[in-house]
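Remarks on the overall topology
Residues per chain are reported as follows:
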Amino acid sequence: MACWYEGPLAAFDTETTGVDVENDRIVSAALVVQDAPGSRPRVTRWLVNPGVPVPAGATRVHGLTDEHLQRNGRWPAPVMYEVAQALAEQARVGRPVVVMNAPFDLTLLDRELRRHRASSLSGWFERSPLLVLDPWVLDKHLDRYRKGRRTLSDLCAYYEVPLEGAHEAAADAVAALEVARAVGRRFASRLERLSPGELHTLQALWHAAQARGLQSWFARTGTEEVVDPAWPLRPDLPAAA
């Protein structure tokens, strides 16, 4: 049986109004499914009218304006349902889903589901767990002493993966999928015997350790930022008393 990085994979990505997972909104999303390395991926795209203004800074990143989203985007409630349903289908068939910096995209999706559907993302995976592969976590654990940034564009450059149309959800998802395959091949001796389920569990541990290390560094440098160790989904914040 082929190891996970030579088998079927999916990948998920979003573009948003900002980087605050509790308050920002999804403006576009994409799911790509690839049955085998080198095969043409099947792409599903969603465009969302978030119902809130899109900051100019966000538009400069992904190019999506208020006017364009109001004219062409759909209301969030049905889109979030469809996205969750599509991810649940990947879980049902046991296909791993690549999500670069998973706690960002998956937490945003969870908060959108709570906001517009009075539901949660985890509720979709009660019968079949979502198996996530996060290139950021994998690369940082397996090549921890390499210096430099580890954004998607940085990983694409390092692993020689083409990235055409960066900050478009489908393009980023395809690139992240290929980076995950490249990481698997680069570190085959350490990864080829691990199932996606085993690797999912290990990534949660690796991410928590990485978060503790970054939090310690922040403490030493006097930075007040808090690093959340949860992966691949941050827990819901408790309601205010």
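Residues numbered from 1 in each chain as written. Predicted model: local features only at pLDDT ≥ 70, side-chain atom pairs only at ≥ 80, totals over all residues. Heavy atoms only, no water.

**Quick look at the pattern of salt bridges**
Enumeration according to the criterion identifies 16 salt bridges in this entry. Notably, a salt bridge pairs Arg114 with Asp236, separated by 3.3 Å at the nearest N-O pair. Within this pair, whereas Arg114 is found in helix 4 (residues 102-117), its partner Asp236 is found in the segment after helix 9 (196-221), the two being separated by 122 residues in sequence. Owing to a relative accessible area of 41%, Asp236 belongs among the partly exposed residues under this scheme. A salt bridge links Asp139 to Arg150, with the shortest nitrogen-to-oxygen separation between them at 2.6 Å. On the criterion of sequence distance, the pair formed by Asp139 in helix 5 (residues 135-142) and Arg150 in the loop between helix 5 and helix 6 (152-158) is long-range, its members being eleven residues apart. Assessed through its relative accessible area of 0%, Asp139 is described here as buried. Note on Arg150: relative accessible area 11%, which makes it buried. A network of salt bridges, in which partner residues are shared, links Glu22, Asp110, Arg111, Arg114 and Asp236. (Salt bridge = Lys/Arg side-chain N within 4 Å of Asp/Glu carboxyl O. Helix = DSSP H or I, 4+ residues; strand = E, 2+ residues; numbered from the N terminus. Buried < 20%, exposed > 50% of the residue type's maximum accessible area, 1.4 Å probe, protein only.)

**Things to note about the packing of aromatic side chains**
Counted according to the given criterion, the structure contains four aromatic pairs. Ring geometry for Trp4 versus Tyr5: centroids 5.2 Å apart, planes at 90°, classification edge-to-face. The burial state of Trp4 is the same as that of Tyr5; both residues are buried. On the basis of an interplanar angle of 75° and a centroid distance of 5.2 Å, the ring pair of Tyr81 and Trp124 is categorised as edge-to-face. Here Tyr81, found in helix 3 (residues 76-92), pairs with Trp124, found in the loop between helix 4 and strand 5 (132-133); they are 43 residues apart in sequence, far enough to count as distant. Here Tyr81 falls in the partly exposed class, since its relative accessible area comes to 33%. Taking the relative accessible area as the measure of exposure, Trp124 reaches 25% and is therefore partly exposed. In this arrangement the basic side chain of Arg146 is found over the ring face of Tyr158, its NZ or CZ atom lying 4.0 Å from the centre. (Phe/Tyr/Trp six-rings, centres within 6.5 Å; stacked < 30°, edge-to-face > 60°. Lys NZ or Arg CZ within 6 Å of the ring centre and 35° of its normal.)

**Focus: the packing of helix 5 against helix 9**
Two numbers describe how helix 5 lies on helix 9: the axes approach to 10 Å, and their chain directions differ by 70°. Between helix 5 and helix 9, the angle is such that the two are roughly perpendicular. The element helix 5 and its partner helix 9 pack so that their crossing is left-handed. Contacts between helix 5 and helix 9 pair Trp136, Val137, Leu138, Lys140 and His141 from the former with Leu199, Gln203, Trp206, His207 and Gln210 from the latter. Each residue belonging to the contact of helix 5 with helix 9 can be placed in one class, and the counts come to five nonpolar, four polar and one charged. (Axes fitted to C-alpha atoms, helices over the stretch in contact; angles between N-to-C directions. Parallel < 35°, antiparallel > 145°, perpendicular 65-115°, else oblique. Left-handed = near helix turned anticlockwise from the far one by under 90°. Contact = heavy atoms within 4.5 Å. Nonpolar A, V, L, I, M, F, W, Y, C, P; charged D, E, K, R; others polar.)

**Quick notes on the environment of Pro232**
Mapped onto the elements of the fold, Pro232 is located in the segment after helix 9. Overall, Pro232 belongs to the buried group, its relative accessible area being 14%. Linking Pro232 and Ser189, residues 43 residues apart in sequence, is a C-alpha distance of 25 Å. Not counting residues up to four positions away in its chain, the partners in contact with Pro232 are Ala102, Pro103, Leu106, Val132 and His200.

**Quick notes on the pairing of strand 2 (residues 26-34)**
Strand 2 sits mainly inside the fold: nine of its nine residues count as buried. As judged from the eight bridges shared by strand 1 (residues 9-16) and strand 2, these two strands associate in the antiparallel manner. Bridge assignment links Glu15 to a residue of strand 2, and that residue is Ser28. As paired elements, strand 2 and strand 3 (residues 42-47) share six bridges and run antiparallel to each other. Bridge pairing links Ser28 to Leu47 in strand 3. (Pairing = 2+ DSSP bridges.)

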